[in-house]
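Given next are the chains, with one letter for each unit.
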Amino acid sequence: MADPNLISEAMRTTPTLLAEWKILTPMLAPLVLAAISLILRQKDQWQFYIAFTAALIAMIGSGFLVFDIIIDGPQSLVMSGWLAPYGIAFTADSLSAIFAFIASLVTLLIILYSPADVDKAASKAGYYTLIMMLLVGVNGSFLTGDIFNLYVWFEVMLISSFGLLILGGDKIQLDGAVKYAFLNLLGTTFFLIATGLLYGVTGTLNFADLFGKVAASEATGTLAILSVLFLFAFGIKAAAFPMYFWLPAAYHTPRVAVSAIFAGLLTKVGIYALMRIFTIVFPEGNGAAFELFGIIGGLTVIVGGLGAIAQTELRRMLAYLLMSGVGMLMIGISIHTQLSLMATVQYAIHSMLVMTGLYLLSGVIGRMAGSFEIAKIGGIVMQNHFVAIAYFGLALAVMGLPPFSGLWPKYMMVMAAFEQGHYWLITAILVGSFLTIAAVGRASIQMIWRGGDVDTPDGQYEARGKRLENKQLRIMMLPISIIFLLTLWLGVSPNTMIRQADLAAYDLLNVEQYIQATFDTGEPEQ
Amino acid sequence: MEFYLTILVGLIFAASTYMMQSRSVIRLVLGVALLGNAVNLLIFTVGRVTRDIPPIIPKDFHGTLTGIANPLPQALILTAIVIGFALFAFVLVLTYRAYESLGTDNSDDMRIAEPEKTQASKLTY
């Protein structure tokens, strides 16, 4: 028999409690139900309920996780009875948990919208299964405590997004998918290169273990290059300035529900990975990385705003607005203080909700007008007040105007930049906001208030487009109304969000708890 | 051995970068496939390449073996190969379908999703 002391150094001697598995619920529930839905793919009327259940369980699970972390600090579970750093760890702190919660919520809302947008054929072809697998990949990325495992979750997410993107197989979808597929493939390949080399330098892949080993390593030159490689890989994922071309090329091509889930979740996973890696693996930024973040972020905000003004297609305009938001998040990571990371977390939550809402609403508007060309949409307010009000609210939110949720993170971000003396970042944020207001304002006047398409004289109204059936409209407006109320609530009474973002930023900057949680998993109680 | 492998990795990276510069999508596919293999070889090299000592811990030996090839990177590559194979199969089919329905494999001519001139692009506001 081997020495029992030696075993207890690498393997846990205490049984795994059922309660410890709770950290996996947000990822395990959709995974199991996706497999079930694949088995039952011929029963297309069941698919919706399976997917709804999966997202609901994931949401409730991650909700409980959020509360557990507030009370007990970060939670961790290492697979197969190993101890960290030998086994694959899942570790959740306040940031992971709240992101997983919002991602599950967004998925739930999109599943609620789906019956209006997804026909029987697409449902049989696996639409709901792919949505669930996308959620698995996203939640897995948020909760994992191991960098190679993060790569695997990225790939799970990527391959499901490929499937969703080409579902239906229109010409335009294939065209968008070619660009999306190649650039994202390149991004994950670079992530893999950086991960392999990081293992070569440090001999570990566990985030908690990397923290000490990277700091102690003497290969500072290699590590500086690696940090830039990670920035490049996740920059592609997040659609930051010079690496963003795949996003506006692809996000307007699939069905609206798919655009919405992409907009809500995918870029945020890139941002999450940047936040995680540049606080626990490279807390000093290594090399010029933090200055680089600022430059990339500032340029992304401005280029996104300019792109939004230049677009005449509603969903492509939204794609550039999404990109502009990514720039804000990059700026937040670049400033790297408690306040700026707090603003980043808040802005990410706000952006997940509002961009999903706007994309879903673009589906309603596109159906009503029969076109996504802004010039051909008009008179929404005369056709349906409810849709017009929802659009108006979400437009204010994305511009960052009160009383909606965009105001507070933007305000805090400017304050954080001011405290650190990054005046050009403040300029970039304000110029970007101004461009956003101009783009969204111009589109709103045309779409909501003008009587018809571009040539309609002011003051005239011509009834056009299709009247939607009430039942369809009700299905589509339910998730949008929920998002509208949420963003209004987060804007009017931001305390809950600020408190959670404060915790998340604290956990990011003070990683001791995260590390302790990972290494203490399965240790006997003291 | 590592030295020669490193040079080989560099060469494959260079070849794949060259391929990916092309406008032809089929060359792009080949470039991405080459890149994936270059990465796998790179990680393989990072974990030391040696066949003299098997990575088996003798009985009653406590400690770290030296001079063995690290088996973990090889396990990582195995995962990466499987994932890379799936993605390669997908992009191959995607490229073929795109070629069939768009009638071109030149990425400059694929402009359906992003038309050069949009009609009614003049918003009067």
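Residues numbered from 1 in each chain as written. Chains lettered and ligands numbered in written order. Predicted model: local features only at pLDDT ≥ 70, side-chain atom pairs only at ≥ 80, totals over all residues. Heavy atoms only, no water.

**Q** Lay out the overall build of chain A with the relevant residues and their values.
**A** The secondary structure content of chain A amounts to 22 helices and two strands. In terms of C-alpha radius of gyration, chain A reaches 23 Å, essentially the compact-globule figure of 24 Å for 526 residues. Residue burial in chain A is summarised as follows: out of 526 residues, 65% are buried. Looking at chain A alone, contacts between residues at least 24 apart form 81% of all its contacts between residues at least 6 apart. Here chain A has roughly 18,200 Å² of accessible surface; of this, 66% comes from carbon and sulfur atoms. (Helix = DSSP H or I, 4+ residues; strand = E, 2+ residues; numbered from the N terminus. Rg over C-alpha atoms; globule rule 2.2 N^0.38 Å. Buried < 20%, exposed > 50% of the residue type's maximum accessible area, 1.4 Å probe, protein only. Contact = heavy atoms within 4.5 Å. Areas by Shrake-Rupley, 256 points an atom, 1.4 Å probe, with all protein chains shown as cover.)

**Q** Residue-level account of unusual backbone geometry, with values.
**A** All names here are of chain A. Note the cis peptide between Pro402 and Pro403, where omega equals 5 degrees. Examined against the element boundaries, Pro403 turns out to sit in the loop between α17 (385–399) and α18 (407–420). The backbone of Ala239 shows a phi angle near 60 degrees, a positive value even though the residue is not glycine. Mapped onto the elements, Ala239 comes out in the loop between α10 (220–238) and α11 (246–250). Residue classification places Ala239 among the buried residues on the basis of a relative accessible area of 0%.

**Q** Which residues make up the packing of helix α6 (residues 127–143) of chain A against helix α12 (residues 256–281) of chain A, and what values go with them?
**A** All names here are of chain A. Between α6 and α12, whose axes approach to 10 Å, the crossing angle comes to 15 degrees. By the angle between their directions, the pair α6 and α12 is classed as roughly parallel. Where α6 crosses over α12, the handedness of that crossing is left-handed. Contacts between α6 and α12 involve Tyr127, Ile131, Leu134, Val138, Ser141 and Phe142 from the first element and Ala257, Val258, Ile261, Phe262, Leu265, Leu266, Lys268, Val269 and Tyr272 from the second. The residue makeup of the contact of α6 with α12, split by class, is 13 nonpolar, one polar and one charged. (Axes fitted to C-alpha atoms, helices over the stretch in contact; angles between N-to-C directions. Parallel < 35°, antiparallel > 145°, perpendicular 65-115°, else oblique. Left-handed = near helix turned anticlockwise from the far one by under 90°. Nonpolar A, V, L, I, M, F, W, Y, C, P; charged D, E, K, R; others polar.)

**Q** Describe in detail α6(A), supporting the description with residues and values.
**A** Over its 17 residues, α6(A) extends 24 Å from the first C-alpha to the last, a length consistent with the 24 Å expected when each residue adds 1.5 Å. Taking burial as the measure, the 17 residues of α6(A) include 16 buried ones, the bulk of the element. (Expected span 1.5 Å × (residues − 1).)

**Q** Account for empty space enclosed by the protein, with residues named and values stated.
**A** All names here are of chain A. Following the criterion strictly, the structure yields two cavities of 30 Å³ or more and no others. Here the largest cavity defines a volume of roughly 110 Å³. As for the largest cavity, its lining consists of 15 residues, and the residues nearest its centre are Leu321, Ser324, Gly325, Tyr347 and Val398. Sorting the residues of the lining of the largest cavity by element identifies α14 (314–335), α15 (338–369) and α19 (423–449) as the ones contributing at least two each. Ranked by residues supplied to the lining of the largest cavity, first place goes to α14 with five residues. Classifying every residue of the lining of the largest cavity gives seven nonpolar, seven polar and one charged. Its boundaries defined by the atoms lining it, the second largest cavity holds a volume of some 40 Å³. Lining the second largest cavity are Leu314, Met317, Leu318, Leu321, Leu358, Tyr391, Ala395, Val398 and Val440. Looking at the lining of the second largest cavity, the element that brings in the most residues is α14, giving four residues. (1 Å grid on protein atoms, 1.4 Å probe; cavity = no way out; pocket = protein on both sides within 12 Å on 5 of 7 lines; lining within 4 Å. Points joined across faces, edges and corners; volume = space filled by probe spheres on them.)

**Q** Go over the interface of chain B and chain A with me, naming the residues and quoting the values.
**A** Where interface size is given, it is often the accessible area lost as the parts come together that is meant. Each partner contributes to the interface: chain B provides 44 residues, whereas chain A provides 47 residues. Counting every contact that joins chain B to chain A gives one salt bridge. For A:Arg316, the salt bridge goes to B:Glu114, with nearest N and O atoms at 3.3 Å. Counting the contacts that link chain B with chain A gives six residue pairs in polar contact (both at pLDDT 80 or more). Breaking the side of chain B that touches chain A down by element, the ones donating at least two residues are α1 (2–20), α2 (25–46) and α3 (71–102) of chain B. With 16 residues, the top contributor of residues to the side of chain B that touches chain A is α3(B). (Salt bridge = Lys/Arg side-chain N within 4 Å of Asp/Glu carboxyl O. Polar contact = N/O pair within 3.5 Å; in protein donor to acceptor, adjacent residues only side chain to side chain.)

**Q** Could you give me a rundown of the UniProt feature "transmembrane region" (unreviewed entry) in chain B, with the residues and numbers involved?
**A** All names here are of chain B. UniProt annotation of "transmembrane region" (unreviewed entry) refers to residues 24–44 and 75–99 when read in the numbering used here. Here residues 24–44 is 95% helix and 0% strand, with 31 Å between the C-alpha atoms at its ends. For the annotated span residues 75–99, helix accounts for 100% and strand for 0% of the residues, and the straight-line distance between the end C-alpha atoms is 36 Å. (UniProt positions renumbered as here; feature names shortened; annotations may be inferred.)

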